[in-house]
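Close look at the chain arrangement
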Amino acid sequence: MKTLEIESKLVVKEAKSMSGAQAVVQALIDEGTDLMFGYPGGAIMPVYNALYDVEDKLHHVLTRHEQGAVHAAQGYARATGKVGVCIATSGPGATNLITGIADAQIDSTPLVCITGQVHSHLLGTDAFQETDVIGISMPVTKWNYQVTKAEEIPMAIAKAFYIARSGKPGPVLVDITKDAQFEMFDYQYKEFKGMRSYLPKSELDESCLVTAAKLINSAKKPFVLFGQGVVLSKAEKEFKAFIEKSGIPSAWTILGLSALESDHYLNVGMLGMHGNYAPNKMTNECDVLIAVGMRFDDRVTGDLSRYAKQAKVIHLEIDPAEIDKNVKTEVAVLGDAKDSLLALTKLVDKKQHDDWLRAFRDLEQEELKIVINEELNPSTPVLSMGEVINSVNQVSKGDAIVVTDVGQHQMVACRYSKFNETRSMITSGGLGTMGFCLPAAIGAKMGMPNKEVIAVIGDGGFQMTIQELGTIFQSKTPVKIVVLNNEFLGMVRQWQELFFDKRYASTTMVNPDFQAIVKGYGIETCKVTKREELNLAVSKMMDHEGAYFLEVKVGKENNVFPMVPTGASVSEIRLK
């Protein structure tokens, strides 16, 4: 038996002669992959040939477009917490992955993307379907690598998984030339343990923890903002223990949604441009602001020159590059959120901030009166998006995974959906990718088959990846699809109404017959045009065993409020 001597705890397997293509497949299996998404082509065909022999161990889902494959891998990763895997051929196949890779990079989603490449002797010759995918993907990957020799494959893939899942997660890409896929060599798997140049997380600094605890303990109006870092570090339990001991009101970014159950007494709602009234207003009223696993992006902060200037900011963050990038901190606690919260909770005092929390609830009542009651008003002439989400809540009871696309429906779904468990909201946050939802919902459902998965999509985003209905049809994936049809690119139209004198340039949608299209894919379907039809239709959808498509006609020119206008302070959030 051939062995490879490396550090302790190494899993060593007997060397076996195989092709590079077979090695790709075996390495994925050795890394624990059992599901992947992709689309075949010439430069990756040897790997697909190898996949044919291991269908019982590694299931491949044929999507209808490479963008569908990468978004499905994202949905799988976000729902399960595992590394998502997708595969494509060279040239256009590889470039079609780029949007999803960029989305995964900014939203910290762990992906391993494998692309085929032309023969190594043709690199740089503008050969058929040759593209410099390494150069193209470099700005939007955590790491990428081009394999030209079969013997590089096991280590490249092991390293890819390690980098994708460790520290702040993200996408990696491994590009493999066709000759490397054909080449024979002695395969041996070894688990990747790390490298000197890459430190996934920092050691906790005790002095920073002590300083942070002193600020929190002396605060009169403390406020917690939490993001996806809580989810990525599996720190939901530690986060809840921290806020319950310290008694601090807590608000979430859209990627932090569901890390804390919706009905928790310290959950005060959503931050940002279309977030809730109270958390936005109170950001500029608090005296200590504790940010946990979030990056102070522009949609949360509004005008940075007027953001939380009165507050001392504590930032718990795994990525040093995020510290002081947008908001100046009083103290930064570098490290994994789970470790940081566990250590910090031991140092904070047991407290309640009843008067301060009551101030949030008073502002909630203003939003309820001016916005929410109007949104859910059954006497208005047309259905609203909020009514649809509210109806879904009544049936799902907070136990479903909700996947959204991007636009007005996304903000409404985030505002009104209720969740009992973590990893229940999957949406495109930082990149805002229209077309994300349908394939991401497929991946989420395949990753979590025992959970109900509901895709909430606008009529615009639906048509960007509508071909993935074919993936649902072929794979028999029982996703529930809700299209909120307002015959507009709704969010852009809202901005045109408010800031461009209602000049609706290229935002009117002349839509096809969605019902006929969906029926063509063998999916049960229903269309709702009247309020009295809604609840029965939603119940029927949720009771149906297979995939289901529900189209709901909603108000064409309804707007999403509250809203922080671009360039405004969060204190200037508008209720109407």
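What you see is a predicted model, and the numbers here were worked out from it, not measured in a lab.

Moving on, we get to the pairing of strand S4 (residues 84–88). Within S4, five of the five residues are buried, leaving the element largely enclosed by the surrounding structure. Burial along S4 is two-sided: Gly84, Cys86 and Ala88 and Val85 and Ile87, pointing in opposite directions, are all buried. Looking at chain direction, strand S2 (residues 35–38) and S4 are connected through two bridges and run parallel. Within S4, the position partnered with Gly38 by the bridge is Ile87.

With that settled, the discussion passes to the environment of Phe161. Structurally, Phe161 can be placed in helix H7 (residues 153–165). A relative accessible area of 1% places Phe161 in the buried class. Once the C-alpha coordinates of Phe161 and Met491 are considered, the two residues, 330 residues apart in sequence, prove to be 37 Å apart. Residues contacting Phe161, with those up to four places away along its chain left out, are Leu28, Glu31, Thr33, Val83, Val85 and Val112.

Once that is clear, we can look at the pattern of salt bridges. For the structure shown, the criterion picks out 21 salt bridges. Salt-bridge contacts for Arg358 lead to Asp355; the nearest nitrogen and oxygen are separated by 2.7 Å. Of the two residues, Arg358 and Asp355 both sit in helix H15 (residues 354–375), three residues apart, roughly one turn of that helix. On the accessibility criterion, Asp355 (59% relative accessible area) is exposed. Between Glu487 and Lys556 there is a salt bridge; the shortest N-O distance is 3.5 Å. Pair noted here: Glu487 is in the loop between strand S18 (480–485) and helix H21 (490–499) and Lys556 is in the segment after strand S20 (548–553), with a separation of 69 residues, a long-range link. With a relative accessible area of 41%, Lys556 lands in the partly exposed category.

One pass over the structure, following the stated rule, counts 13 aromatic pairs. Taken together, a centroid distance of 6.4 Å and an interplanar angle of 75° make the contact between Phe185 and Tyr187 edge-to-face. Look at Tyr187 and you get buried, because its relative accessible area is 5%. Between Arg493 and the ring centre of Phe488, over which it is positioned, the NZ or CZ distance is 5.7 Å.

Strand order in the open sheet made by the six strands is S11-S10-S9-S12-S13-S14, with parallel pairing throughout. A single partner strand is all that each edge strand has here, and the edge strands are strand S11 (267–270) and strand S14 (331–334). Within this sheet the neighbouring strands show an average axis-to-axis angle of 20°, counted without direction. Pairing of strand S12 (residues 288–292) with strand S13 (residues 312–317) involves five bridges; the strand directions are parallel. In the strand pairing of S13, Val288 is matched with Lys312. Each of S12, S13 and S14 is contacted by helix H9 (residues 206–218), which is oriented at about 130° to S14, the strand it contacts most.

Right, let's get into empty space enclosed by the protein. Applying the stated criterion across every chain yields a total of three cavities of 30 Å³ or more. As a volume, the largest cavity reaches approximately 90 Å³. If you trace the largest cavity, you find it lined by Arg78, Gln228, Val231, Leu232, Leu255, Leu257, Ser258, Arg423, Met425 and Ile426. Those elements giving two or more residues to the lining of the largest cavity turn out to be helix H10 (229–232) and strand S16 (425–426). Inspection of the lining of the largest cavity shows a minimum of three residues originating in each of domain 2 (206–360) and domain 3 (383–553). Of the voids in this model, the second largest cavity is the one considered here, and its volume is about 50 Å³. Ile389, Val392, Asn393, Ser396, Gly398, Ala400, Val402, Ser417, Lys418 and Val456 together form the lining of the second largest cavity. Sort the elements by how many residues they give to the lining of the second largest cavity and helix H16 (residues 385–396) lands first, with four residues.

Calculation rules
Residues numbered from 1 in each chain as written. Predicted model: local features only at pLDDT ≥ 70, side-chain atom pairs only at ≥ 80, totals over all residues. Heavy atoms only, no water. Buried < 20%, exposed > 50% of the residue type's maximum accessible area, 1.4 Å probe, protein only. Helix = DSSP H or I, 4+ residues; strand = E, 2+ residues; numbered from the N terminus. Pairing = 2+ DSSP bridges. Contact = heavy atoms within 4.5 Å. Salt bridge = Lys/Arg side-chain N within 4 Å of Asp/Glu carboxyl O. Phe/Tyr/Trp six-rings, centres within 6.5 Å; stacked < 30°, edge-to-face > 60°. Lys NZ or Arg CZ within 6 Å of the ring centre and 35° of its normal. Axes fitted to C-alpha atoms, helices over the stretch in contact; angles between N-to-C directions. 1 Å grid on protein atoms, 1.4 Å probe; cavity = no way out; pocket = protein on both sides within 12 Å on 5 of 7 lines; lining within 4 Å. Points joined across faces, edges and corners; volume = space filled by probe spheres on them. Domains from an automatic or database assignment.

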